[in-house]
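If you want the building blocks of each chain, they are given just below.
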Amino acid sequence: MSYNTLTGFTTLFDAIKAELDTIPNVREVAVYDAHQLDKVVTPAILVELGEIDPGDTRTGGRLAVNVDMRLHCVLSAETQRVQLEICNFAAVVMKKIHKNRFGLGGAIEVPQRLSAFPGMFRPDEKGFESWVVNYTQAVHLGAVWEDEDFLPTVVHLGLSPNVGAAHEDDYETLTDG
């Protein structure tokens, strides 16, 4: 597995955006901004990083965090059968997210706890309907300090008390298999 290097969340956002941009008829994929909702061009997907929690550190010196991602799927309130179409839209987005590493290799894990639920709505003349696709994804920030050259090529096994330089001939060389 390749270990891409993520130093922050911009690369992750750009990779998610590139994937979501491939969904037919989506006119806008952008960072979620509650103050700009009246300017959103629908159908739209607004990407929000909701929370960051410590993750399982097991990745060569990188900082492991779990990010809670929220993808706000937004349709115009004037969309025919909007209550059903917004659910369909959320399902399409869920399908895109399912098991997706967004081309970032070992820098992220596959999404977990994928779900969707009703989001905000505004029923007025410039209104909208939304559902939120939510998931958690483990992200590993920073460069891997162990490259393949760092790993040992030969491993010797010695049994106590016959260890050390005086017992070098007592060691068994382990092989792969």
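For the structure itself, look to the data block above.
Summary of the structure given here. (Residues numbered from 1 in each chain as written. Predicted model: local features only at pLDDT ≥ 70, side-chain atom pairs only at ≥ 80, totals over all residues. Heavy atoms only, no water.)

1. Points about the nonpolar core
In step 1: Ranked by internal contacts, the top residues of the largest apolar core, which has 32 residues, are Leu20, Ile45, Leu71 and Val93.
In step 2: Elements with a contribution of two residues or more to this core: helix H1 (10–20), strand S2 (44–54), strand S3 (63–76), helix H2 (82–97) and strand S5 (128–141).
In step 3: Among residues more than four places away in sequence, those in contact with Val93 are Leu20, Ile23, Ile45, Leu71, Cys73 and Val133.
In step 4: Judged by nonpolar contacts, the second largest core, of seven residues, contains Tyr32, Leu37, Leu46 and Phe128. (Core = buried A, V, L, I, M, F, W, Y, C linked by side-chain atoms within 4.5 Å. Buried < 20%, exposed > 50% of the residue type's maximum accessible area, 1.4 Å probe, protein only. Helix = DSSP H or I, 4+ residues; strand = E, 2+ residues; numbered from the N terminus. Contact = heavy atoms within 4.5 Å.)

2. Regarding the sheet that holds strand S4 (residues 112–122)
In step 1: Pairing is mixed across the open sheet formed by five strands, whose spatial order is S1-S2-S3-S5-S4. Two strands in the sheet have a free side with no partner beyond their single neighbour: strand S1 (28–31) and S4. Adjacent strand axes in the sheet meet at a mean angle of 25°, parallel and antiparallel pairs treated alike.
In step 2: Pairing between S3 and S5: 14 bridges, direction antiparallel. For Val65, the partnering residue across the bridge sits in S5 and is Val139. (Pairing = 2+ DSSP bridges. Axes fitted to C-alpha atoms, helices over the stretch in contact; angles between N-to-C directions.)

3. Details of the pattern of salt bridges
In step 1: The full count for this structure, using the stated rule, is five salt bridges.
In step 2: Glu19 serves as the salt-bridge partner of Lys96, at 3.5 Å between the closest nitrogen and oxygen. Linking Lys96 in helix H2 with Glu19 in helix H1, this pair joins segments that are 77 residues apart in sequence.
In step 3: Residue class for Glu19 comes out partly exposed when judged on its relative accessible area of 23%.
In step 4: We note a salt bridge from Arg101 to Glu109, for which the minimum N-O separation is 3.9 Å.
In step 5: You can call Glu109 partly exposed: its relative accessible area is 22%.
In step 6: Connected via shared salt-bridge partners are Glu51, Asp68 and Arg70. (Salt bridge = Lys/Arg side-chain N within 4 Å of Asp/Glu carboxyl O.)

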